[in-house]
Amino acid sequence: MSAPRHFIPAAQWSDPRHVRGLRGERVALAFLTACGWRIEAHRFRLGRHDVDLVARRGEVIAFVEVKTRVGAAFGVAAEAVGWRKRRAIAKVAEVWRQRHGRPADVYRFDLVSVYQRPGVADSVDHIPDAWRLGEAYRR
């Protein structure tokens, strides 16, 4: 059995990738809010998996994966969400739906890419309905 994990405030995070990811999630949150979405949850967790953002606009619920990049060296953000990641997000999304969903809600999976470059404003790319649930289980 592994040792218990302790809460570490974001201000004390030492891994620059985690700090960059959290900053990207905050940029995505602000972007979606400015586009008329209401954020229902940030980092909704199920075990070791999570959904970065759960956003609502009317009856549409978007489970949003946020990918933050500083360049194209590791590929575009959409390439980083493979079938395993989609499957994990779908499982967490189903738990959120069971706990908080409403009968008339319509669900989809979105991708928000945040590109950060020094000295330049962040750019945001929102891909609505980036994949379908049936695709989450394909190899």
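Everything discussed here concerns the structure shown above.
Let me sum up the structure you'll find in this document. No experiment lies behind these values; they were computed from the predicted model shown. (Residues numbered from 1 in each chain as written. Predicted model: local features only at pLDDT ≥ 70, side-chain atom pairs only at ≥ 80, totals over all residues. Heavy atoms only, no water.)

### Focus on helix α1 (residues 16–34)
Right, so step 1: Taking 1.5 Å per residue, 19 residues should reach 27 Å; α1 reaches 27 Å between its end C-alpha atoms and fits that length.
Right, so step 2: All of the buried residues along α1 are L22, G24, E25, A28 and L32. The arc that holds the buried residues of α1, viewed along the axis, is 160°, so those residues lie on one side. Across α1 from its buried face, at more than 90 degrees, point the exposed residues P16, R26 and A34.
Right, so step 3: Just downstream of α1 lies G36, where phi reads positive at about 95°. (Helix = DSSP H or I, 4+ residues; strand = E, 2+ residues; numbered from the N terminus. Expected span 1.5 Å × (residues − 1). Buried < 20%, exposed > 50% of the residue type's maximum accessible area, 1.4 Å probe, protein only. Arc of directions from axis to C-beta.)

### Points about the packing of aromatic side chains
Each aromatic ring pair is specified by the distance between its two centres and by the angle formed by the two planes.
Right, so step 1: Tallied over the full model, the rule gives four aromatic pairs.
Right, so step 2: Ring centres of F63 and F109 lie 5.7 Å apart, and the angle between their planes is 35°; on these two criteria the pair is classed as tilted. In this pair, F63 is assigned in strand β3 (residues 60–69) and F109 in strand β4 (residues 106–117), connecting sequence segments 46 residues apart. Comparing F63 with F109 shows no difference in burial state: the two are buried. (Phe/Tyr/Trp six-rings, centres within 6.5 Å; stacked < 30°, edge-to-face > 60°.)

### What to know about the sheet that holds β4
Right, so step 1: With mixed pairing, the five strands of this open sheet are ordered in space as β1-β2-β3-β4-β5. At either end of the open sheet lies a strand with only one pairing partner, and these are β1 (38–46) and β5 (120–131). Taking the axes of each pair of neighbouring strands and ignoring which way they run, one obtains an average angle of 30° across the sheet.
Right, so step 2: As judged from the ten bridges shared by β3 and β4, these two strands associate in the parallel manner. The residue bridging T68 from the neighbouring strand is V114, located in β4.
Right, so step 3: Helix-sheet contacts for helix α2 (residues 83–100) involve β1, β2 (49–57), β3, β4 and β5, and the interaxial angle to β1 is about 115°. (Pairing = 2+ DSSP bridges. Axes fitted to C-alpha atoms, helices over the stretch in contact; angles between N-to-C directions. Contact = heavy atoms within 4.5 Å.)

### Focus on the pairing of β2
Right, so step 1: In terms of burial, β2 is a largely internal element, seven of the nine residues being buried.
Right, so step 2: Where β1 meets β2, seven bridges bridge the pair, whose relative direction is antiparallel. Residue pairing for β2: L46 is matched across the bridge by H49.
Right, so step 3: Where β1 folds back on β2, the antiparallel hairpin that results is connected by two residues, among which G47 adopts a positive phi of roughly 65°.
Right, so step 4: The pairing of β2 with β3 spans five bridges and is antiparallel. Each residue of the ladder has a partner; that of L53, found in β3, is V64.
Right, so step 5: What sits between the antiparallel neighbours β2 and β3 is a turn of two residues, in which G58 has the positive phi angle 70°.

### Some remarks on the pairing of β4
Right, so step 1: The pairing of β4 with β5 spans seven bridges and is classified as antiparallel. Directly across from L111, in β5, lies its bridge partner I127.
Right, so step 2: Linkage of β4 to β5, two consecutive antiparallel strands, is achieved through a turn of two residues, within which G119 is found at a positive phi near 80°.

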